[in-house]
Amino acid sequence: MSQPAAQPLLSVKDLYTHFPIRAGIFQRTVGYVKAIDGVSFEIARGETLGLVGESGCGKTTVGRSILKLIPPTSGTVTFDGIDVLSARGQTLKSIRRDMQIIFQDPAGSLNPRMRIAGIVGEPLIVHGLAQSRDELRHKVEELLVRCGMPKAAADRYPHEFSGGQRQRIGIARALALNPRFIVCDEPTSALDVSIQAQIINLLHDLQTEFGLSYLFISHDMAVIQHVCKRIAVMYRGKIVEEGPREAILGNPQHKYTQSLLSAVPEPDPRRKKQRVVFEGGLM
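What you are looking at is a predicted structure, and each value in this text was computed from that prediction instead of being measured. (Residues numbered from 1 in each chain as written. Predicted model: local features only at pLDDT ≥ 70, side-chain atom pairs only at ≥ 80, totals over all residues. Heavy atoms only, no water.)

**Re the packing of helix 3 (residues 116–126) against helix 4 (residues 133–146)**
Counted only if it meets this: The axes used here are C-alpha line fits, helices contributing only the stretch in contact, and every angle between their N-to-C directions lies in the interval 0 to 180 degrees. Strands are runs of DSSP state E lasting at least 2 residues, helices are runs of H or I lasting at least 4, and numbering of each runs from the N terminus. In this scheme, roughly parallel covers angles under 35 degrees and roughly antiparallel covers those over 145, while 65 to 115 is roughly perpendicular and the rest are oblique. Crossing handedness: left-handed means the near helix sits turned counterclockwise from the far one by under a right angle, and right-handed means the same turn made clockwise. Only heavy atoms enter the contact rule, under which two residues are in contact if any of them lie within 4.5 Å. Under the scheme applied here, ten amino acids are nonpolar (Ala, Val, Leu, Ile, Met, Phe, Trp, Tyr, Cys and Pro), four are charged (Asp, Glu, Lys and Arg), and all others, including Gly, are polar.
Contact pair helix 3 / helix 4: the axes reach a minimum separation of 9 Å and the direction vectors enclose 110°. Taken together, helix 3 and helix 4 sit at an angle that is classed as roughly perpendicular. Here helix 3 and helix 4 pass one another in a crossing that is right-handed. Residues Ile116, Ala117, Val120, Gly121, Leu124 and Ile125 of helix 3 form the contact with helix 4, whose participating residues are Leu136, Arg137, Lys139, Val140, Leu143 and Leu144. When its residues are assigned to classes, the contact of helix 3 with helix 4 shows 9 nonpolar, 1 polar and 2 charged.

In C-alpha cells form, the structure reads like this:
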C-alpha cells in the first residue's frame, strides 16, 4: 500500500496581484498592470524551488505577495496548513517568524543609520526572543559568526562593509527568528561572480543545517541550475513551465524556456550554441 503524499510546506494557488493604472486630474483607474496573473506552485519541506524569468516578469512580486509585503488581488497562500492571506494578529505574527526574505539589494535593505547589532537584533526584540541585553548581544554575534562575519561587525555600520558582507548580514537577519521558509529574492545578482559562489554555498549549508525551504528567485539560469532541484519558469506574470531540474534543462517544452537556456553563456569557445529567439506574446 503506497504512503500518502506529504503535505507541502507552502502552497500557492491562483495568485493574482494587479496594480491599478491611474490617470487624469482625479487619478481615476483606467486599467491594471497584471504583475501576477494566476500563479500556482508548491514547495515541500527542505526543498528549493527556483523561480526564473526575465526582469519585469513578476518574480519579485510573487515573493513579496506570498509574504503579504504586497497585498495580492486574489488567490490563496497556505503555509503549513494556515491561510496566510487571511491571517491577522498573533497568527500573522507567528507566520512572520516562520517566513522570511533575503532582499536583492544588500545595501538598500539595511538601515544606514543603525549598527549591525541593531539590524540583526531587531527581529529578536520585536518577537520577544531575547530576555536581556547580554542575551541579545550573544544571539546577534552567534548569527553573524554563522554567516561568516566576525563578532566585531556588530558595532559597525552597513557602509563599512562590502556587498558580499552586507548580504551575509541580511542572511543573518533572516535567520534570526529561526524560520522554516525563506524567499531568496535574487540574493546574488548585485554581487561579483566569486562572491556569488560564496553566498550560494552559505545558503546551501544553512539549508542542510536547519532544514530550510527556499523560493529562490533569479533571472540567471546558470545560478538556478546550480541551486534548485525544481524549476518554475515565469513569463509576463504566469508560470509557463514547471518541473524537475533535469526535465526543464534537458527537455524544455516551452519556447520561452528554450530561449532562456540558449542565452546561457557557453564556457567552451569551440562549442557553438544555437540561439533560440522567443517572439514575445506567444504563450
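**What about the sheet that holds strand 8 (residues 213–218)?**
Here is the rule we go by: Each pair of strands is called paired provided DSSP finds at least two bridges between the two strands.
Here we have 6 strands laid out as an open sheet, ordered 6-7-8-3-9-10, and mixed in their pairing. Each edge of the open sheet carries a strand with a single partner, namely strand 6 (99–102) and strand 10 (238–244). Averaged over all pairs of adjacent strands, the angle between their axes in this sheet comes to 20°, without regard to strand direction. Pairing of strand 9 (residues 230–235) with strand 10, which is carried by 6 bridges, proceeds in the antiparallel orientation. Across the sheet, the residue bridging to methionine 234 is isoleucine 239, located in strand 10. Across the sheet, helix 2 (residues 89–98) touches strand 6 and strand 7 (181–185), and the angle it forms with strand 6 is around 45°.

**Let's talk about the sheet that holds strand 1 (residues 10–23)**
Sheet architecture is open: 4 strands sit in the order 2-1-4-5, paired in antiparallel fashion. Pairing within the sheet leaves two strands with one partner each, and these edge strands are strand 2 (28–43) and strand 5 (82–83). By the bridge criterion, 2 bridges tie strand 4 (residues 74–79) to strand 5 in an arrangement that is antiparallel. In the strand pairing of strand 5, threonine 78 is matched with aspartate 83. The strands touched by helix 1 (residues 59–66) are strand 1, strand 2 and strand 4; relative to strand 1, the strand with the most contacts, the crossing angle is about 110°.

As far as function goes, none of this settles anything; it's purely spatial.
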